[in-house]
Amino acid sequence: MSEPVLEIRDLHVDYGFGDDPTHVLRGVDLTLHRGEVLGLAGESGCGKSTLAYAATRLLPPPGLITGGEVWLADRQGRRSDVLGLTDAQLRAARWRDVAIVFQGAMSSLNPVFRIGRQLTDGIRAHRPGLSAGDLEARAAELLEMVGISADRLRAYPHQLSGGMRQRVMIAMALALEPQVLLMDEPTTALDVVMQRQVLEQIMELRDRLGFSVVLITHDVSLLVEVADRIAIMYAGEIVEEATASEVYRRPRHPYSAGLLGSFPPLHGPRRELSGIPGAPPDLQRLGPGCPFAPRCPHAMDVCRDVRPVLGPPRTGEDRRVACHLHDADLVAAGVGEGSGAISGVGLPPELAR
Amino acid sequence: MATSTTAIEVAAPTGADDVGQGVARPGRRPRLLFLRNSKALVGIAILVFFGILAVVGPWVAPYDPNQVSTALLQPPSGAHWLGTDHTGRDILSQIIVGTRGVLVVGLVAGLGATVLGVIVGVTAGFVGGLGDEGLSALSNVFLVIPQLPLIIIIAAQLPSAGGITVALVIGVTGWAWGARVLRAQTLSLRKRDFVEAARATGERTWRIVLAEVLPNLTAIIAAGFVGTVTFAVLSQVTLAFIGITPVSEWNWGTILFWAQNNLALQRGAWWWFVPAGLCIALLGMALTLINFGIDELVNPRLRSTGMHARTLRRRGIRPRVGFTPVVRDQWRAARPGEEER
């Protein structure tokens with residue numbers, strides 16, 4: 001595997017400055033390798049967007065990063081901890097090393113300025129020496145890159161369709177050729193046809209320019225198609241991380257299995273949609289055990305008392321899962337003995353394929 | 001699964017005490033939210049102090065403010081805490097008795113201007129068309145009239161320009177800015193979906209205005225009211241200072257009028273004008289602090305920051321948009337019990 005460009009270690013984030021803040025991220029570990037597309041999936045409110053914003057320190061008040069490290073590599077391969085950068089360093093690193101396509105990017109364009117002016121704004125801020133002609137040429141090049149003809153540079157945002165505006169946002173994010181592109185639900189406001197076009201565009205650009213992508217979405221079926229690796233988040237933690245096909249074919253965490261069971265498969269035999277019963281937990285009142293335990297069909301006694309750690313499953317595969325069902329030590333110690341789910345063959349059938 | 005979640009929620013209030021408190025907490029918060037803001041709290045405390053003084057002033061004042069004595073122009077002493085003026089009148093008593101005049105004029109003028117502003121502004125914004133044009137033109141006219149000269153002319157023409165008259169004049173001339181702000185906000189509100197929905201369900205216009213639009217304007221109206229009160233207090237003090245209003249009627253401006261006319265500054269009689277000036281500044285500060293408090297209450301972004309200003313200072317956090325603060329220190333210390341998990 002190629003070297004990591006973005007490495008998030010044990011990231012903790014709180015919301016609220018008072019005495020009882022809500023802990024929305026609780027020790028998130030995530031590594032993005034060069035040229036990779038990493039999908040981040042989970043229910044609304046599980047901390048996907050918070051993770052992206054915290055990793056770039058864009059989280060608005062009352063967000064507060066309370067621990068961890070975010071190592072970001074620049075183009076020369078030097079790594080620095082985003083959480084330790086000064087304001088000026090942070091400003092310089094943004095857009096040059098890491099860029100974001102925001103949620104609702106369609107309304108992020110300023111309606112009173114032409115597309116060309118907005119495309120060149122960021123370039124001008126980071127490379128003050130460029131001439132107007134150079135800027136114009138670069139903006140045209142960027143626009144062509146995302147499949148919009150260069151004569152639209154003089155168009156206003158309202159003269160473009162939703163898909164085109166989304167492409168402009170992507171072009172803007174790529175203006176300084178960042179190493180890492182964070183995309184926060186970039187296709188949510190688009191229809192399915194446009195979604196596919198935009199994503200294919202991103203993947204093609206990724207192959208051409210070689211940047212890495214963190215793609216945040218709650219649409220797991222989309223991720224299965226475009227992502228190299230998928231991390232599933234639940235209640236501010238990553239509960240499973242593996243290659244896309246592994247997650248799709250052999251989900252190890254009951255929550256991943258539930259997520260995959262809640263949308264229809266595009267190929268293969270028809271199956272009944274299951275969904276996940278219950279509602280996401282209140283992050284202010286989490287018990288000591290696994291946060292998914294109250295909704296988990298395979299919950300054991302140990303799940304309610306001990307929080308599972310993200311690690312390789314007992315089958316020894318190259319993936320990580322935070323679930324007692326797959327905890328090698330636990331099985332060896334015989335904690336789950338006789339609880340049905342873990343004795344005998346060991347795993348519930350849908351998690352043991 | 002769903003049933004077990006419900007069971008936990010039902011059991012919570014009757015269960016362990018700590019869980020019960022956890023449930024009760026969200027309900028208690030909204031009522032005390034404004035008072036938990038230290039800026040608003042200081043502002044309200046000062047305002048309440050002056051309010052009490054305004055009510056009981058004439059009874060607690062040590063002397064009759066008009067009582068002349070032989071102690072001419074005395075600096076502060078045991079008998080006269082804030083000294084005396086050129087005819088031996090007690091300055092502390094003048095300030096205490098004058099508080100009522102200042103506050104009554106401020107509140108009446110603020111109330112009048114706010115009510116006028118709400119009526120004109122919301123009506124103009126909501127009805128649109130010709131009515132809007134007319135009312136907007138009216139507020140524009142009042143906006144360009146130089147306020148203080150107008151007040152001086154009106155106050156000077158009236159035979160007995162007492163406190164209430166001055167208040168009414170200030171109220172009648174000071175509503176236009178509020179009306180313009182409210183009109184703009186109403187214009188934006190009446191196009192929102194929830195107002196359209198109310199109209200589609202056949203709500204009467206007055207009910208839409210009162211129940212759908214006005215609650216959304218509360219913060220602007222409150223802030224405008226506080227601002228107008230500040231303006232009214234300053235206008236009244238100015239009028240008294242330049243001697244437009246009867247000098248026999250005590251307020252802080254009257255004290256400054258006497259001090260100015262009798263060369264207090266040149267004679268070095270600081271006790272004559274400093275206390276009155278400080279009172280004006282204090283009242284203005286109190287109103288401004290309340291305005292900040294309202295702002296931090298209605299703006300959710302400022303709310304968490306404003307409520308926990310002290311905690312933030314102690315932990316060295318400077319909340320800014322675009323640069324999320326990183327605080328690694330207290331993470332585990334602040335949360336007892338986290339380690340055991």
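A. View of the overall build of chain B. Secondary structure summary: chain B contains 15 helices and zero strands in total. Taking contacts inside chain B between residues at least 6 apart in sequence as the whole, the part at least 24 apart equals 67%.

B. View of the confidence of the model for chain A. Predicted confidence across chain A gives a mean pLDDT of 85, with 92% of residues reaching 70 or more. pLDDT under 50 marks residues 334–345 of chain A. Its contacts with residues more than four places away, or in other chains, come to 18 contacts.

C. Just the packing of helix α7 (residues 163–173) of chain B against helix α10 (residues 205–241) of chain B, in detail. All names here are of chain B. The interhelical angle for the contact between α7 and α10, taken along N-to-C directions, is 130 degrees, at an axis separation of 10 Å. Judged on the interaxial angle alone, α10 and α7 are oblique. Two packed elements cross with a definite hand, and for α7 against α10 that hand is right-handed. Between α7, through Val166, Ala167 and Ile170, and α10, the contact on the second element is made entirely by Ala232, Ser235, Gln236 and Leu239. Classifying every residue of the contact of α7 with α10 gives five nonpolar, two polar and no charged.

D. Representation of the nonpolar core within the structure. Formed by 96 residues in total, the largest nonpolar core has its most connected members in Ala171, Val214 and Ile232 of chain A. Ranked by size, the runner-up nonpolar core spans 69 residues in total, among them Leu82, Ile95, Val118 and Val169 of chain B.

E. Main features of helix α6 (residues 192–209) of chain A. Residues and elements named next belong to chain A. For α6, with 18 residues, the first-to-last C-alpha span of 25 Å sits near the 26 Å given by 1.5 Å per residue. For α6, the full list of buried residues reads Val198, Leu199 and Ile202. An end-on view of α6 places all buried positions within 95 degrees of arc, on one side of the element. What points out from α6, more than 90 degrees from its buried face, is the exposed set Val193, Asp207 and Arg208. Considering only its buried residues, α6 is in contact with α5 (162–173), β8 (212–216) and α7 (220–226).

F. Quick look at the confidence of the model for chain B. Residue and element names in this part refer to chain B. On average, residues of chain B score 79 in pLDDT, and 82% of them reach the 70 mark or higher. Low confidence marks residues 1–28, where pLDDT is under 50. Its contacts with residues over four positions away, or in another chain, come to 17 contacts. Confidence drops under a pLDDT of 50 for residues 331–341, and excluding neighbours within four residues, the segment shows seven contacts in the predicted structure. Scored as a complex, the prediction yields pTM 0.69 and ipTM 0.74.

G. The arrangement of the packing of helix α5 (residues 129–144) of chain B against helix α8 (residues 176–190) of chain B in detail. Residues and elements named next belong to chain B. Closest axis-to-axis distance for the α5/α8 pair is 8 Å, and the angle between their directions is 140 degrees. If you check the angle between α5 and α8, you find them oblique. Regarding α5 and α8, the two cross each other, and that crossing is left-handed. Mapping the contact onto sequence places Ser136, Ser139, Phe142 and Leu143 in α5 and Ala176, Trp177, Ala179, Arg180 and Arg183 in α8. Its residues assigned to classes, the contact of α5 with α8 comprises five nonpolar, two polar and two charged.

H. Expanded view of the pairing of strand β4 (residues 63–73) of chain A. Residues and elements named next belong to chain A. Among the eleven residues that make up β4, nine are buried, leaving the element largely enclosed by the rest of the structure. Both strand β1 (residues 4–15) and β4 contribute to a ladder of eight bridges, which runs antiparallel. Considered in β4, the bridge of Leu6 is made with Leu72. Taken together, the three bridges between β4 and strand β5 (residues 79–81) define a ladder with antiparallel strand orientation. When the bridges of β5 are listed, Leu72 appears paired with Ser80. Connecting β4 to the antiparallel partner β5 that follows it, the hairpin turn spans five residues, and Gly77 within it adopts a positive phi of roughly 90 degrees.

Calculation notes
- Each chain has its residues counted from 1, running along the sequence as written.
- Starting at A for chains and at 1 for ligands, labels are handed out in the order in which the entities are written.
- Side-chain atom pairs in this predicted model are given and counted only at pLDDT of 80 or more, local residue features only at pLDDT of at least 70, and totals for whole chains, interfaces and linings cover all residues.
- Numbering of helices and strands runs from the N terminus, with a helix taken as a DSSP run of H or I at least four residues long and a strand as a DSSP run of E at least two residues long.
- Contact between two residues is assigned whenever their backbone-derived C-beta positions fall within 7 Å.
- pLDDT runs from 0 to 100 and stands for how confident the predictor is about each residue.
- Axis definition: a line fitted to C-alpha atoms, limited for helices to the stretch in contact. Angles are taken between N-to-C directions and run from 0 to 180 degrees.
- Roughly parallel refers to an angle under 35 degrees, roughly antiparallel to one over 145, roughly perpendicular to one between 65 and 115, and oblique to any angle outside these ranges.
- In a left-handed crossing the near helix is turned counterclockwise from the far helix by less than a right angle, and in a right-handed crossing that turn is clockwise.
- Polar here means any residue other than Ala, Val, Leu, Ile, Met, Phe, Trp, Tyr, Cys and Pro, which are nonpolar, and Asp, Glu, Lys and Arg, which are charged; Gly is therefore polar.
- A set of buried Ala, Val, Leu, Ile, Met, Phe, Trp, Tyr and Cys residues, joined through C-beta atoms within 7 Å, is what we mean by a nonpolar core.
- Burial in this document is a count-based property: other C-beta atoms within 10 Å of a residue's C-beta are tallied, and the residue is buried at 20 or more, exposed at 12 or fewer, or partly exposed in between, with C-beta positions derived from the backbone.
- Multiplying 1.5 Å by the residue count of a helix minus one yields the expected span of that helix.
- Comment: arc refers to directions from the helix axis out to C-beta atoms.
- The criterion for strand pairing is that DSSP finds at least two bridges linking the strands in question.

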